[in-house]
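One letter stands for each residue in the lines below.
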Amino acid sequence: DKPVLKAGNNYHKYKVKRNCWPKVRGCAMNPVEHPHGGGNHQHVGHPTTIARAAVPGQKVGLIAARRTGILRGGKKKTK
């Protein structure tokens, strides 16, 4: 790699990365900041599946999930 010769080069290189950290859980936030926030202990408190037609502020969790839970039974073998 080439050496970083100017401070501006590092700014553009790490511009996107610094917004990804720290990654805070939604249940650790306040209710005004995230739909999973609030409560007397850290838990979501309602099902995390959300409809496709939900308004943008609600779309957190499993968006338009076709199914959740453990997948029981294997694939059927066809000849």
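Check the entry above for the structure.
Scope of this entry: the structure provided in the associated data block. None of these values were measured; they are calculated from a predicted model.

### Section: the overall build of the protein
Right, so step 1: Along its length, the protein carries one helix and two strands.
Right, so step 2: Secondary structure of the protein in N-to-C order comes out as α-β-β.
Right, so step 3: Here the C-alpha radius of gyration of the protein, 21 Å, is well above what a compact globule of 79 residues would show, namely 12 Å.
Right, so step 4: The dimensions of the protein, computed from C-alpha atoms along their principal axes, are 60 × 50 × 25 Å.
Right, so step 5: Counting only residues that meet the buried cut, the protein has 9% of its 79 residues in that class.
Right, so step 6: Considering only intrachain contacts with a sequence separation of at least 6, the fraction spanning at least 24 residues in the protein is 9%.
Right, so step 7: Counting every atom, the protein has about 7800 Å² of accessible surface; 55% of that belongs to carbon and sulfur.

### A closer look at the state of the cysteines
Right, so step 1: This structure, assessed with the given rule, holds zero disulfides.
Right, so step 2: You can see Cys20 has no disulfide; the closest cysteine sulfur is in Cys27, sitting 20 Å from it.
Right, so step 3: Residue Cys27 is classed as buried on the basis of its relative accessible area of 17%.

### A word on unusual backbone geometry
Right, so step 1: Here Trp21 and Pro22 are connected by a cis peptide whose omega angle stands at -5°.
Right, so step 2: Looking at where Pro22 falls in the secondary structure, it is placed in the loop between α1 (7-13) and β1 (49-50).

### Structural notes on the side chain of His36
Right, so step 1: Tracing the backbone shows His36 in the loop between α1 and β1.
Right, so step 2: The exposure class of His36 is buried, given its relative accessible area of 11%.
Right, so step 3: If we skip the residues at most four places from it in the chain, His36 touches Gly26, Cys27, His43, Val44, His46, Thr48, Val60 and Gly61.

Reading guide: rules and limits
Residues numbered from 1 in each chain as written. Predicted model: local features only at pLDDT ≥ 70, side-chain atom pairs only at ≥ 80, totals over all residues. Heavy atoms only, no water. Helix = DSSP H or I, 4+ residues; strand = E, 2+ residues; numbered from the N terminus. Rg over C-alpha atoms; globule rule 2.2 N^0.38 Å. Buried < 20%, exposed > 50% of the residue type's maximum accessible area, 1.4 Å probe, protein only. Contact = heavy atoms within 4.5 Å. Areas by Shrake-Rupley, 256 points an atom, 1.4 Å probe, with all protein chains shown as cover. Disulfide = S-S within 2.5 Å.

As far as function goes, none of this settles anything; it's purely spatial.
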